[in-house]
Amino acid sequence: MSEPGARNLDWPQDAAQTDLPNGLAILTRERAMADVTAISISVRGGSRNEREETVGAAHFMEHMFFQGTPRRPSSELVFGPISARGGWLNAYTSFENINFQAVVKNDDFDLALDILADMLLNSLFAQEKIENERQVVLEELIRGKNEPRRYAVELFFQTVWADHPARNLPIGNREAITNSDHRVLSAFREANFLASNMVAAVVGNQRHVEVVDQLASAFEPMPTGQPPPFPAAPFPTPIARRVAENTVGSQAQIALGLLVPGADHPDTYALDIASAILGEVGRRLVTEIRDRRGLAPGISSSYSSLTDVGAWWTLVGTSPENVDTVIDLVLDELRRIREQRLTTDELADAKRYIEGRAVLNLQTSSAFAQYLADREVLGVEPPLQEYLRRVSRVTVDDVARVANTYLDVSAYTLVVLRPGASA
Amino acid sequence: MGGEGWQEDSCPPAAERPILRGLSQFFCRREGFVRPNTDANISPVPGGSAEAATGYGIARRVLGNGVVVLARQILDPDIVALSVGARAGSRFEQEETAGAAKFMEKLFLQGTERRPSADQVQRPIAVRGGSLWSQAGSELVIFQAQVRTVDVDVMLDLVADVLLCSTFAQDRVENEARVILEELSARRANPGVLAGDLFLPAVFEGHPLARSPAGDLDNTTRLTRQTLVDYRDRFFVGRNCVVAAAGNLPAPDALDMVEQALTHMPAGQAAPASSVPPPAPRDQRIDQTAGTSQARIVIGGPLPGLGSEDRFPLSVANAVLGPSGFRLFREVRDRRGLSYDPAPGQMLYPDAGVWMAAAGTDPSTTEVVIDLLRSEMRRLREEPISEQELADAKSFLEGSLVVGLETPLAQSGQMIRDEALGSPVLSEEHRQGIRRVSVDDVSRVAQTHIDPDRATLVVVRP
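Keep in mind that this is a model prediction, so the values were computed, not measured. Counting restarts for each chain, with residues numbered from 1 along the sequence as it is written. In the order they appear in the text, chains get letters beginning with A and ligands get numbers beginning with 1. Whole-chain, interface and lining totals are the exception, using all residues; otherwise, since this is a predicted model, local features are given only for residues with pLDDT of at least 70 and side-chain atom pairs are given and counted only at 80 or more.

Section: the overall build of chain A
- By the criteria applied, helices consist of DSSP H or I runs no shorter than four residues and strands consist of E runs no shorter than two, each listed in order from the N terminus. Counting its regular elements, chain A contains 15 helices and 11 strands.
- Radius of gyration here is computed from C-alpha atoms only, and the compact-globule reference equals 2.2 Å multiplied by the residue count raised to the power 0.38. Computed over C-alpha atoms, the radius of gyration of chain A comes to 22 Å, within 12% of the 22 Å expected from 2.2 N^0.38 for 423 residues, which places it in the range of a compact globule.
- Taken along its principal axes, the extent of the C-alpha atoms in chain A is 60 × 50 × 40 Å.
- Counting other C-beta atoms within 10 Å of a residue's C-beta gives its exposure: the residue is buried at 20 or more, exposed at 12 or fewer, and partly exposed in between, where C-beta atoms are placed from the backbone. Every one of the 423 residues in chain A was classed for burial, and the buried ones make up 60%.

Focus on the packing of helix H1 (residues 57-64) of chain A against helix H4 (residues 127-146) of chain A
All names here are of chain A.
- Lines fitted to C-alpha atoms define the axes here, with helix axes fitted over just the stretch in contact, and angles between the N-to-C directions of these axes take values from 0 to 180 degrees. Close contact between H1 and H4 brings their axes to 10 Å; oriented N to C, the two are set at 120 degrees. One way to sum up the angle between H1 and H4 is to call them oblique. Where H1 crosses over H4, the two elements pack in a sense that is right-handed. Contacts between H1 and H4 involve His-59, Phe-60, His-63 and Met-64 on the former and, on the latter, Lys-129, Ile-130, Glu-133, Arg-134, Val-136 and Val-137. Any angle that is under 35 degrees is reported as roughly parallel, and any over 145 degrees as roughly antiparallel; angles of 65 to 115 degrees are reported as roughly perpendicular and all others as oblique. Whether a crossing is left-handed or right-handed is set by the direction in which the near helix is turned from the far one by less than a right angle, anticlockwise for left-handed and clockwise for right-handed. Two residues qualify as being in contact provided that their C-beta atoms, derived from the backbone, are within 7 Å of each other.

So, the interface of chain B and chain A
- On the chain A side, the residues contacting the 78 residues of chain B number 81 residues.
- Listing elements by their share of the side of chain B that touches chain A, those giving two or more residues are helix H1 (13-16), helix H3 (118-126), strand S6 (141-148), helix H5 (170-189), helix H10 (327-334), strand S11 (352-361) and helix H12 (387-403) of chain B.
- Gly is placed with the polar residues, together with every amino acid not listed as nonpolar (Ala, Val, Leu, Ile, Met, Phe, Trp, Tyr, Cys and Pro) or charged (Asp, Glu, Lys and Arg). Of the residues contributing to the side of chain B that touches chain A, the split by class is 27 nonpolar, 28 polar and 23 charged.

Notes on the domain arrangement of chain B
Residues and elements named next belong to chain B.
- Here chain B is described as being made up of domain 1 (56-262) and domain 2 (284-461).
- An automatic or database domain assignment supplies the start and end points of every domain. Taking only C-alpha atoms, the centre of domain 1 and the centre of domain 2 are 27 Å apart.
- If you list the elements that add at least two residues to the side of domain 1 that touches domain 2, you get strand S3 (68-73), strand S4 (79-86), S6, helix H6 (191-203) and strand S7 (241-247).
- Examining the composition of the side of domain 1 that touches domain 2, we find that 10 residues originate from one element, H6, more than from any other.

Here's the deal with the nonpolar core
- Any nonpolar core is a set of buried residues, restricted to Ala, Val, Leu, Ile, Met, Phe, Trp, Tyr and Cys, that join up through C-beta atoms within 7 Å. Grouped together as the largest cluster of nonpolar side chains are 282 residues, with contacts concentrated most on Leu116(A), Ala200(A), Ala274(A) and Val159(B).
- What Leu116(A) contacts, discounting residues up to four positions off in sequence, is Ile39(A), Ile41(A), Phe100(A) and Ala102(A).

Structural notes on the pairing of strand S9 (residues 295-304) of chain B
Residue and element names in this part refer to chain B.
- Within S9, 9 of the 10 residues are buried, which leaves it mostly tucked inside the rest of the structure.
- Should DSSP find at least two bridges between two strands, the strands are taken to pair. Taken together, the 10 bridges between S9 and S11 define a ladder with antiparallel strand orientation. In the sheet register, Pro-302 faces S11, and the bridge partner there is Val-354.
- As paired strands, S9 and strand S12 (residues 456-461) are joined by 5 bridges and run antiparallel to one another. For Val-298, the partnering residue across the bridge sits in S12 and is Val-458.

Digging into helix H11 (residues 323-339) of chain A
Residue and element names in this part refer to chain A.
- Helix span, expected: 1.5 Å multiplied by one less than the number of residues in the helix. A rise of 1.5 Å per residue sets the reference length of H11, with its 17 residues, at 24 Å; its end C-alpha atoms lie 24 Å apart and thus fit the reference within 8%.
- Among all positions of H11, only Val-326, Leu-329, Val-330, Glu-333, Leu-334 and Ile-337 are buried. The buried residues of H11 occupy one face: seen down the axis, they fall within an arc of 135 degrees. Among the exposed residues of H11, those pointing more than 90 degrees away from its buried face are Asp-324, Asp-328 and Glu-339.
- Check the buried side of H11 and you find it contacts strand S8 (252-260), helix H9 (268-278), helix H10 (284-291), strand S10 (310-318) and helix H15 (396-406). When we speak of the arc, we mean the arc of directions from the helix axis to the C-beta atoms.

A short note on the environment of Arg352(A)
- Here Arg352(A) is to be found in helix H12 (residues 344-361).
- Residues in contact with Arg352(A), not counting those within four places in the same chain, are Val127(B) and Arg128(B).

Some words on the confidence of the model for chain B
Residues and elements named next belong to chain B.
- pLDDT expresses, on a scale from 0 to 100, how confident the predictor is about each individual residue. Averaged over every residue, the pLDDT of chain B is 89; residues scoring 70 or more account for 89%.
- A low-confidence stretch, residues 22-37 (pLDDT under 50), is modelled with 58 contacts involving residues beyond four sequence positions or located in other chains.
- Predicted confidence for residues 43-54 stays below pLDDT 50, and this span has 44 contacts to residues more than four positions away or in other chains.

Points about the environment of Pro384(B)
Residue and element names in this part refer to chain B.
- Considering the arrangement of structural elements, one finds Pro-384 in the loop between helix H11 (366-382) and H12.
- C-beta crowding within 10 Å serves as the criterion here: with 13 such atoms nearby, Pro-384 is assigned to the partly exposed category.
- Distance in space between the C-alpha atoms of Pro-384 and Ala-295 is 32 Å, their sequence separation being 89 residues.
- If near-sequence neighbours (up to four positions away) are discounted, Pro-384 is found in contact with Val-439 and Ser-443.

Put into structure tokens, the structure is as follows:
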């Protein structure tokens, strides 16, 4: 396994790369026939770096980058020029990184870069804007809590990762958001927003050499320095955990899953296969729960990986009287993948699916740029071809071993939201 | 990243899946327009591409059985997307067939003679990393699929099999009725979705568009296999279907392939034209309890349909309220911090449409936000927009033609809506129509059609 930040140049590359003297890594993928250019800038650092009492500050801080610079003192002047060309500007804050993205017509690349660089270098974090944006962030928080499916998964992650810094959700909580003042937001910015801790990816009809020149000039003033490490976090011991809460409406939500390794672990590729068999391509859960029994309109399931920890999970909404049946069906499928080896056809199907999915899901300039920037800034996942090569080497035995090691039906995390009066 | 505000939570599978794997569905993006998952032409999400702006390059062929086939070559990405639309949406339902459009959407994917189970239908495309799904709208029932170009034969064979040879087996009818009821239950539990589900039937009361494409709670279990088969045989016929292929295939080849795949579709008869005038605006308020922490607000009213010349200034008016940095975001979010996701929207069908503004807010500030949304609509009526706003709105709409429909899938979807609903967005007429709009036009259509004091207001709160 590579160390975070290390790069193995023997891998076949899916992007051209140049590192600037200040440490900013630039990746480009030229798409001569594409109409759209995406710039994605990823900064290492997110909610897992945060202290309990100010969790959510990273995300709150991310909002402040859209609230004005000396040249563009208001949010409308930051967004307006890109909106007025039919493009979009956005950002998201995750557990381990923050990603800023501008997506525009090829011809508007210069404008998009100018605005993104201005935001990242010169945002003012003005006090009165902080107070206003705090209200917006609180609105975002209650919006998430208001949707039962989303809330169930949030509870699941907090619970399954309870013994790991990943228990900090990016959105934070009301008290911590209220606690986060200018000093807290600026401290996160100063510690993490360093050129040496950032990756910029550009995908579209743009030339690498020209992109590098423009970014070198635009980001020359970016501070640099020693990037902060993620807090030390040993892999937790999986234990059974149960959370039961009430919700409104007439449907129950079940989020059931397990603690599994993250992207830095050699077993991560076999887990991709196992997850695809239970979910998208083997269709085992949807066949049993939806197609055979009509218990739910759809079954979400996913393997979500951070660098050093992950979770496999499924989310099912069903009538309250079906909750126990659905849980049993999910557990049956977990037992089945532990106890019965995949056929070689099933394995081949899963591999083919993962390869096809990569092409389809990376079809837009914005998806590819985001993928490149986030992957490189976290530094544990190989380039696409190498990733697919590792998936292709997974054997039936690997899947059986990984299922038996991690998909332990005695140590699962279960969140159930049931309709009830006291939600 | 779907738009928010209110919409279905059953977006196409591709949008829900991680790129490789990941968590991105959980984070914290700045939100954009109301983009309900719908078959309407939604402003401002027009489509096209850079070339589209100067010559749309869409090949068209009418097959012997009446199917209209469209094709457009896109060289990158190396993908082909297929969209099929049948004018069989919920507006064509009668009392006894209420919920049939939603049932169609499900049953077509539940088994064919050659592929007797849902699993056998989905597997050929799933193992290739592609996807196939369906969606019931008010006007159209839509099937969409996408695969790598190398797998295009598999996709066409599968889609044709689904359209021509689905069995609608009795046990599947019973199973899918349960699934639809669970889906309706999930919609009621999501306050944003519920707000939309209350809003549209209220605006369109008395009009065929009042019938919800989400399914019918009471009638779903009463629909018999025979009723559903009859509905299928009436509407899923050549003269009532449009197919569009977009992707890395020469357009003539794509037309040939679709023709070969669908040549055995019966011709049948086209559904009657959609030509019921929009209802009058009503001053009404619907309050409903749902959710735990936030109020969801939707306000709006009827508009003339796609046949009206007013659609161009209305699009511009919507764009003025529009994306991040424009009026609604600025006033509600960036100046006052009252909502995370204020958003305007318009949905236009052939004979009628709807304008709306939606926002979520803390329950304690519900009335303040309603007042703000109303006052922004009033301002649009009472004060001329600035020349700069007009120019920005137009260039936003034009740029969205490129950015908004970047993918083959999005383009094929726009192509079938353009063909089936009329008044195409991917056309020189549309482009010129937007360019001609003046400040006075925007004031006039706002005064004529957008009256916040005679509007339908829906509030869903804890």
